[in-house]
Amino acid sequence: MEHYLSERVKNLATSQTLAMAAKARELRGQGKDVIGLSLGEPDFNIPDFIKEAAKEAIDENYNSYTPVDGYLDLKKAIIKKFERDNGLIYSPSQIVVSTGAKQALYNIASVLINPGDEVILPCPYWVSYADIVKLKGGIPVEVKTDIENDFKMTGAQLENAITEKTKMIWFSSPCNPSGSVYSDEELLALSKVLENYENIFIVSDEIYEHINYQGGHNSIGTYNAVKDRTITVNGVSKAFAMTGWRIGYIGAPEWIARACNKVQGQVTSGANCIAQRAVITALNENPDKIEYMVGEFKARRDLILELLGEIKGFNCNIPDGAFYVFPDISHYFGRTIDGFEINNASDMSMFLLEKALVATVTGNAFGNPNCIRISYAASKEQIVEAVKRIKSAVES
Ligand code: PMP
Ligand code: GLU
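Report follows, based on the coordinates. Source: prediction; values computed, not measured.

What counts and what doesn't
Every chain is numbered independently, its residues counted from 1 as its sequence is written. Labels are handed out in written order, letters beginning with A for the chains and numbers beginning with 1 for the ligands. For a predicted model such as this one, the threshold for reporting local features is a pLDDT of at least 70, and the threshold for listing and counting side-chain atom pairs is 80 or more; totals across whole chains, interfaces and linings nevertheless cover every residue. Side-chain metrics in this entry use all non-hydrogen atoms of the structure; hydrogen atoms and water are not considered. To qualify as a helix, a DSSP run of H or I must reach at least 4 residues; to qualify as a strand, a run of E must reach at least 2; elements of each kind are numbered from the N terminus. Atoms counted for the radius of gyration: C-alpha only. Globule rule: 2.2 Å times the number of residues to the power 0.38. In this scheme, a residue with accessible area under 20% of its type's maximum is buried, one over 50% is exposed, and one in between is partly exposed, where area comes from a 1.4 Å probe on protein chains only. Between two residues, a contact is recorded if the distance between any of their heavy atoms is within 4.5 Å. One heavy atom suffices: a residue is near a molecule or strand as soon as one of its heavy atoms comes within 4 Å of it. Identification of polar contacts relies on pairs of N or O atoms within 3.5 Å, with a donor-acceptor requirement for protein atoms, meaning one able to donate a hydrogen and the other able to accept it, and with residues adjacent in sequence counted only if both atoms are side-chain atoms. All accessibility values rest on the Shrake-Rupley procedure with a 1.4 Å probe; residue burial counts only the protein chains present in the view. A side-chain nitrogen of Lys or Arg and a carboxyl oxygen of Asp or Glu constitute a salt bridge if their distance falls within 4 Å. Note on residue categories: nonpolar means Ala, Val, Leu, Ile, Met, Phe, Trp, Tyr, Cys or Pro, charged means Asp, Glu, Lys or Arg, and polar means any other residue, Gly included. Any two strands with at least two DSSP bridges between them are considered paired. For crossovers, right-handed means that the path from the first strand over the helix to the second runs clockwise, given strands pointing away from the viewer.

## A look at the overall build of the chain
Looking only at helices and strands, the chain features 13 helices and 14 strands. Its C-alpha atoms give the chain a radius of gyration of 21 Å, near enough to 21 Å, the size a compact globule of 396 residues would have. Overall, the C-alpha framework of the chain stretches about 60 × 55 × 50 Å when taken along its three principal axes. Each of the 396 residues in the chain was classed as buried or not, and the buried ones make up 56%. Considering only contacts within the chain whose residues lie at least 6 apart along the sequence, 74% involve residues at least 24 apart.

## As for the site of ligand 2
Residues in close proximity to ligand 2 include S15, T17, L18, L39, G40, K102, W126, N176, K238, Y324 and R373, which together make up its full environment. For ligand 2, an oxygen atom lies 3.0 Å from a polar atom in the side chain of W126. Against a free-state accessible area of 290 Å², the protein chains account for coverage of 88% of ligand 2.

## Focus: the pattern of salt bridges
Applying the stated criterion to the full structure yields 24 salt bridges. The residue K55 makes a salt bridge to E52 at a minimum N-O spacing of 3.3 Å. Of the two residues, K55 and E52 are both situated in helix α3 (residues 48–59); the distance of three residues between them amounts to about one turn of the helix. On the accessibility criterion, K55 (45% relative accessible area) is partly exposed. The residue E254 makes a salt bridge to R258 at a minimum N-O spacing of 3.8 Å. Here E254 pairs with R258, and both are found in helix α9 (residues 254–267), just four residues apart, close to one helical turn. By sharing partners, the salt bridges in this structure join D33, E385, K388 and R389 into a single network.

## Notes on the site of ligand 1
As a structural note, the neighbourhood of ligand 1 is formed by G100, A101, K102, W126, N176, D205, I207, Y208, S237, K238 and R246. Here an oxygen atom of ligand 1 sits 2.7 Å away from a polar atom, N or O, in the side chain of R246. Coverage of ligand 1 by the protein chains reaches 94% of its 390 Å² of free accessible surface. Tallying contributions element by element places helix α5 (residues 100–112) first for the shell around ligand 1, with three residues. Of the residues contributing to the shell around ligand 1, the split by class is four nonpolar, three polar and four charged.

## So, the pairing of strand β5 (residues 166–172)
For β5, the tally of buried residues reaches seven of seven residues, placing the bulk of the element in the interior. Of the strand pairs in this sheet, strand β3 (residues 118–123) and β5 are connected by three bridges, and their pairing is parallel. Bridged to I120 within β5 is I169. The sheet contact formed by β5 and strand β6 (residues 201–205) spans five bridges and is parallel. By the bridge assignment, F171 is partnered in β6 with S204. Traced from β5 through helix α8 (residues 184–194) to β6, the parallel crossover comes out right-handed.

See below:
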């Protein structure tokens, strides 16, 4: 009966991050000791002060529909956070709270993309960008970046990718999957190019903002040349370990925020009320309060880089943020290991799942077929054991 499905959905790929996590769960269900390094999900508990705020909200009988675009006091907390952490100035009518940053991105695509519009995606990009763009009839335009340039797009590469059909550029910094963080100069170079193209919009996904090991986060929305055309996307999934609470938000030009509000009003009616109340408390706190998680992630990054460095053909950039390593494993293409033919990154990821019982994600999901993504949002013991298994599998 599947032929009854819409063409749009038939052409939609399954999210590879979620699919790999489901596969790992299934194997665990069969009694296999799989180490899951596929999903980008902090393994910390939610800080107690946030849990308390949620409990209070339940006791205070927050149970009705919220304003579609979020409670006003939450929007005010977001405005304060944007100013305090990013130097971005917004008014309440420019903020929309959504069911995760993922829905925020979906809203943006819904309100800005016409069929045939091109969206520039510096590659590697986060797994859902290309499919959200395609779902709205847009055309993802991949801009390949190199490991030598820390997987970052230069101004010249951006300029080359622009055509008359370019509507937007979408990128994340810190980047999922490469962990790259754009410096002030690098963002300035991009904004200088975009200065000459007033009809191009910028989606700046800053959800890993706080998970940054070099200090200093820069928001492209603060650059004069592009500030009226930038939509800043953020959320609480990563910084506050609140993935399941599903709260994300945008700061955007008012006309875009209004349009997102209109879409959301027809699709979800707004984000969960208890989660919104808890997020007010989370955002009002000084980011120092979550510094301990960042310190731990940095120690794990150093550990995994050191361990992977001992495996031939796992060539990594040094990620400055987020919690992923993205090794180029093309050294193994064309080889057969333990009866398993490895011709691309998907083969390597399946090989590691089957032979090493370690779940990773193929780089194909992020637009780079030479790499695999390994999440180090896992305990040090799991990281040590996983890399030991990977080493022994590829060297067998
Ligand atoms: N953007 C990036 C770069 C991500 O890694 C994720 C992963 N969760 C999201 C957006 C979506 O986050 P959320 O959980 O808020 O939907
Ligand atoms: N963002 C996470 C990841 O990249 C969670 C999975 C998802 O939302 O697709 O693994």
